[in-house]
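Descriptive analysis of the structure
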Amino acid sequence: MAEVNLSSEQLEKLKAAMARAKGLSPQTAGQAAALQQPAAREAKGPEPAAETAVTVETRKPPIDPKLAEGTYLRIGEDEMAAWLYLAPPAEGQVYAKRDLENYLELHGVVKGYHSSNLSAMIKKKVYDREILVARGAEKKPGTDGYFEYLFAPEEHAGPKVNEDGSVDYSSMSALQNVHKGDKVAIYHYAVQGEDGYTVLGGEMKADPVRDLPPMRGKGITRENGVYYAQSDGKIEVKDGKIDIQNVHEIMGDVDAIIGKIEFFGDVIINGNVEGGIVIRAGRNIEVHGTTGAASLFAGGDVMLTRGIQGGGKISARGNVFAEFIENTTVDAGGLVQANVILNAKVTAKNQVIATGRRGAIIGGYAHALKSIEVLTAGNDVELKTVLHCGYEPGSFDKLLEARRKETEIREKLSKLVDTMTEALREKRMRGAATSRNTEASLLEWNHLKDEYFAELDKVGKEREELETTMEEGRDSYIKVDGNIYRNVVIGINAEQMTLDRSTSFMKYAADKGIIEGTVIVHN
């Protein structure tokens, strides 16, 4: 390896190039350069033509190639590319590739050389035009680790709506079945990104990536990032965890002989459910036959493909879907959707929707916090039908009472704390001479304080629930996209009105305590 001596002029140029490459001032670079010795560099042979940039890692100190006057280097504002304008050499002078590389280095371009273009400029004598001679590399993002589910992890959908507008309630299913040994998920490990750089040697670090912890759940086992079912059952994802639960399935009818059914998972009945039967499920209830005056309690959804009638009761934390609901009390934490709701008392935390061939609510009472949407409300014999959405009429009074109680308890608690503080101050002053009455009072007051805090917490939660309910019901509405008959009662929040004539295609909402109806226009 040859050693090269630099002139004072060349050394100054080298200092300036190093300063630009490292982001230092020329003065700082000069101090650093004084501590370094010139390094040697092996001569490079001819390089094959290629369209990809080659990063140069180490080079010997550049030598001023004395390129012809008019030669210049242009560096992009983002320092991601450099172009060389090469003036023709003097007569009898020949450029070498190393001359161009030295010129780039002297101007601070130290990475991403476009070797094929540099070689072409020498071989083909490309002069008097800008040629790309260096290009930086953008950083490449990595990929966080993720789970690939080999089943549909979303919650089961409601009934299928056909093209003719009818609703196929028999299409509902709460099940995604797996068998023992089935592959249910694959974990894909994180892939690190690649750092980028500029032609001046600046670095651009790729953002860090992360791996997820192993998946937790019930009924699964893991082998090298692949998850398998340990048993037959229903599979779903809850809070990022795979859950495989057993399903209690009855192939026939449920009558008085079977009686009461209680199961922590899903209950599926492929026959009819007679009146008087009680079914309690920790998750979903699915009945594919008719349902009489039964009582159904579900921690999830209730799906009745052929409806319920005869004075039954449904209580679900989730949604209720049914072909029809007749003379039945329904309380749902989500929505209630049916083709016909007849003389029933229906309450839903979200919506009540009557859709299908008839899409009717006739008679009874239907309440939803957010909205009620039907095709037909009431009937031509003017059966009284009450549709109400928003917060219940008495909710505002309950909210005022809760706020009053909360204020009263806080005042009592404040006085009690002042009394206890004074007694404790006396106890610190008297020490062992504190009277028994004071000690007994402090003990009693401490218990009373705990009772006040418990009562305050209870009233506070009640107040928050009422405030949340009233806020969610603020923009509630009732939409009748068809006929609405006389004697239908429209109620929104604390307001209500009874229709004195039949009409159609109306949407009702409350504005500043007044119910206003607007006509639904279809294009």
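Above this note sits the structure.
Described in the following lines is the structure provided in the data block.

Time to look at helix α5 (residues 395-430). Its 36 residues give α5 an end-to-end C-alpha distance of 52 Å, which sits within 8% of 52 Å, the value for a rise of 1.5 Å per residue. G431 sits one or two positions beyond α5 and adopts a positive phi of about 65°.

Pairing between strand β31 (residues 371-374) and strand β34 (residues 477-484): 4 bridges, direction parallel. Note on β34: the bridge partner recorded for S371 is Y477. By the bridge criterion, 6 bridges tie β34 to strand β37 (residues 503-511) in an arrangement that is antiparallel. Paired with Y477 across the bridge in β37 is A509.

A cluster of nonpolar side chains, contributed by F505, V519 and V521, occupies part of the molecular surface with about 300 Å² of accessible area. Position of F505 relative to the elements: it lies in strand β37. Overall, F505 belongs to the partly exposed group, its relative accessible area being 34%.

Another point: a negative patch on the surface. Judged by side-chain charge, E77, D78, E79 and E138 come together as a negatively charged surface patch. Secondary-structure assignment places D78 in the loop between β1 (72-75) and β2 (81-85). For D78, a relative accessible area of 52% corresponds to the exposed category.

A separate point is the packing of aromatic side chains. Aromatic ring pairs: the centre-centre distance and the angle between the two ring planes describe each pair. Scanning all chains against the criterion turns up 6 aromatic pairs. Both rings, one in Y95 and one in Y127, keep their centres 6.2 Å apart while their planes meet at 80°; by these two values the pair is edge-to-face. With Y95 in the loop between β2 and α3 (97-106) and Y127 in the loop between α4 (115-123) and β3 (130-135), the pair connects residues that are 32 residues apart, well separated along the chain. The exposure class of Y127 is partly exposed, given its relative accessible area of 23%. Note on F147 and Y187: the rings are 4.9 Å apart at their centroids and 55° apart in plane angle, and the pair reads as tilted. With F147 in strand β4 (residues 146-149) and Y187 in strand β8 (residues 183-188), this pair connects stretches of sequence that are 40 residues apart. For the pair formed by F147 and Y187, the shared burial category is buried. Clustering of aromatic rings is evident, with ring pairs tying together F147, Y187, Y189 and Y227.

This part covers helix α6 (residues 436-472). Taking 1.5 Å per residue as the helical rise, α6 with its 37 residues ought to reach 54 Å, and the 54 Å between its terminal C-alpha atoms agrees with that figure. Among the residues of α6, those classed as buried are T438, L442, K449, Y452, L456, V459, G460, R463, L466 and M470. As for α6, its buried residues are in contact with α5.

In the contact formed by α3 and α4, the axes pass within 9 Å of each other and the chain directions differ by 125°. Our classification of the angle between α3 and α4 gives oblique. The element α3 and its partner α4 pack so that their crossing is right-handed. Residues K97, L100, E101 and L104 of α3 form the contact with α4, whose own contacting residues are S115, L118, S119, M121 and I122. Grouping the amino acids of the contact of α3 with α4 by side-chain chemistry returns 5 nonpolar, 2 polar and 2 charged.

Judged by pairing direction, the sheet is mixed, and its 10 strands sit side by side in the order β17-β19-β21-β23-β25-β27-β30-β33-β35-β36 without closing on themselves. Edge positions in the sheet fall to β17 (261-263) and β36 (495-498), since each of these pairs with one other strand and no more. Going across the sheet, the axis of each strand differs from the next one's by a mean of 5°, ignoring polarity. With 4 bridges joining them, strand β25 (residues 329-332) and strand β27 (residues 345-348) adopt parallel strand pairing. In the strand pairing of β27, D331 is matched with T347.

Once that is clear, we can look at the environment of H288. Assignment of secondary structure puts H288 in the loop between β20 (285-287) and β21 (295-298). Assessed through its relative accessible area of 25%, H288 is described here as partly exposed. Along the backbone, H288 and L304 are 16 residues apart, and their C-alpha atoms lie at a distance of 6.2 Å.

Turning to the side chain of H367, a few remarks are in order. Mapping H367 onto the fold places it in strand β30 (residues 364-368). The class of H367 is buried, set by a relative accessible area of 5%. Contact partners of H367, with chain neighbours within four places excluded, come to V346, T347, A348, V352, I372, H388, C389, G390 and E392.

Once that is clear, we can look at the environment of M470. Tracing the sequence through the fold places M470 in helix α6. It is 8.3 Å that separates the C-alpha atoms of M470 and N493, two residues lying 23 residues apart in sequence. Apart from residues no more than four positions distant in its own chain, M470 is found in contact with Y391, S395, F396 and L399.

This part covers the pattern of salt bridges. A complete count under the given rule lists 26 salt bridges for this structure. In this structure, R280 and E262 form a salt bridge, with 3.8 Å as the shortest nitrogen-oxygen distance. One end of the pair, R280, is in strand β19 (residues 278-281); the other, E262, is in strand β17, and 18 residues separate them in sequence. Notably, a salt bridge pairs R463 with E467, separated by 3.0 Å at the nearest N-O pair. With R463 and E467 both in helix α6 and 4 residues apart, the pair spans about one turn of that helix. E467 gets classed as partly exposed once you look at its relative accessible area, which sits at 27%. One salt-bridge network, in which partners are shared between bridges, spans R403, E406, R410, R463, E464 and E467.

Calculation criteria
- By convention here, each chain's residues receive numbers from 1 onward along its written sequence.
- Given that the model is predicted, a residue must reach a pLDDT of at least 70 before its local features are reported, and side-chain atom pairs must reach 80 or more before they are shown or counted; all residues, however, enter totals for whole chains, interfaces and linings.
- Only heavy atoms go into the side-chain values, all of them from the structure, while hydrogens and water stay out.
- Each helix corresponds to a stretch of at least 4 residues labelled H or I by DSSP, and each strand to a stretch of at least 2 residues labelled E; elements are numbered beginning at the N terminus.
- The span expected for a helix works out to 1.5 Å for each residue beyond the first.
- Only strands that DSSP links by at least two bridges are regarded as paired with each other.
- Note on patches: the residues involved have over 30% relative accessible area and no salt bridge, like charges join within 9 Å, and the nonpolar side chains Val, Leu, Ile, Met, Phe, Trp and Tyr join within 5 Å.
- What sets the accessible areas is the Shrake-Rupley method with a 1.4 Å probe; for residues, cover comes only from the shown protein chains.
- Salt bridge, as used here, is a side-chain nitrogen of Lys or Arg placed within 4 Å of a carboxyl oxygen of Asp or Glu.
- A 1.4 Å probe rolled over the protein chains alone gives each residue an accessible area, and that area as a share of the maximum for its type sets the label: buried under 20%, exposed over 50%, partly exposed in between.
- Only four residue types enter the tally: Lys and Arg on the positive side, Asp and Glu on the negative side; His and the chain ends are excluded.
- To locate a charge, take atom NZ for lysine, CZ for arginine, CG for aspartate or CD for glutamate.
- In this analysis, rings of Phe, Tyr and Trp, with Trp reduced to its six-membered ring, are considered paired at centre separations within 6.5 Å, and the interplanar angle assigns stacked below 30 degrees, edge-to-face beyond 60, and tilted for intermediate values.
- Any two residues whose heavy atoms approach within 4.5 Å are treated as being in contact.
- Helix axes are fitted to C-alpha atoms over the stretch in contact, other axes to C-alpha atoms as well, and angles between N-to-C directions run from 0 to 180 degrees.
- Should an angle lie under 35 degrees it is considered roughly parallel, over 145 roughly antiparallel, and from 65 to 115 roughly perpendicular; all remaining angles are considered oblique.
- By definition, turning the near helix anticlockwise from the far helix through less than a right angle yields a left-handed crossing, and turning it clockwise yields a right-handed one.
- Residues are grouped as follows: nonpolar covers Ala, Val, Leu, Ile, Met, Phe, Trp, Tyr, Cys and Pro; charged covers Asp, Glu, Lys and Arg; every other residue, Gly included, is treated as polar.

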